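An overview of the molecular structure
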Amino acid sequence: MNPIGRPPALVRATLGLEDATALDGPVRTLEPHIRAWFGTGTRGSVLRGDWLGHAVHPVLTDAV
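The text that follows walks through the structure, step by step, so that each part is easy to find.

Conventions we followed
- Residues numbered from 1 in each chain as written.
- Predicted model: local features only at pLDDT ≥ 70, side-chain atom pairs only at ≥ 80, totals over all residues.
- Heavy atoms only, no water.
- Salt bridge = Lys/Arg side-chain N within 4 Å of Asp/Glu carboxyl O.
- Helix = DSSP H or I, 4+ residues; strand = E, 2+ residues; numbered from the N terminus.
- Patch = residues over 30% accessible without salt bridge, like charges linked within 9 Å, V, L, I, M, F, W, Y side chains within 5 Å.
- Areas by Shrake-Rupley, 256 points an atom, 1.4 Å probe, with all protein chains shown as cover.
- Buried < 20%, exposed > 50% of the residue type's maximum accessible area, 1.4 Å probe, protein only.

**Here's the deal with the pattern of salt bridges**
Counting across every chain of the model gives two salt bridges. With its nearest N and O atoms 2.9 Å apart, the salt bridge here joins E31 to R35. A residue pair is termed a helical-turn pair when its members lie 3 or 4 positions apart in one helix, as E31 and R35 do in helix α2 (residues 24–38) at four residues.

**Structural notes on a nonpolar patch on the surface**
A cluster of nonpolar side chains, namely L30, I34, W37, F38 and L47, defines an oily patch on the protein surface of about 500 Å² accessible area. Here the element with the most residues in the nonpolar patch is α2; it accounts for four residues. When you line up the elements, F38 lands in helix α2. Look at F38 and you get partly exposed, because its relative accessible area is 38%.

Set out below in structure tokens:
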């Protein structure tokens, strides 16, 4: 948080997306398909970072 007490614009935008109930329906519709495509098998293993011994998400967020 900045010294004034208001979060930066990016944080406010992210929180707005997180709280957007209008997205709940589309997410519920897409979630089973995303889980089927990426939740198991080789794709899921790669994304989970099984090959690295560590989750891939933190590595990607730090690298980008």
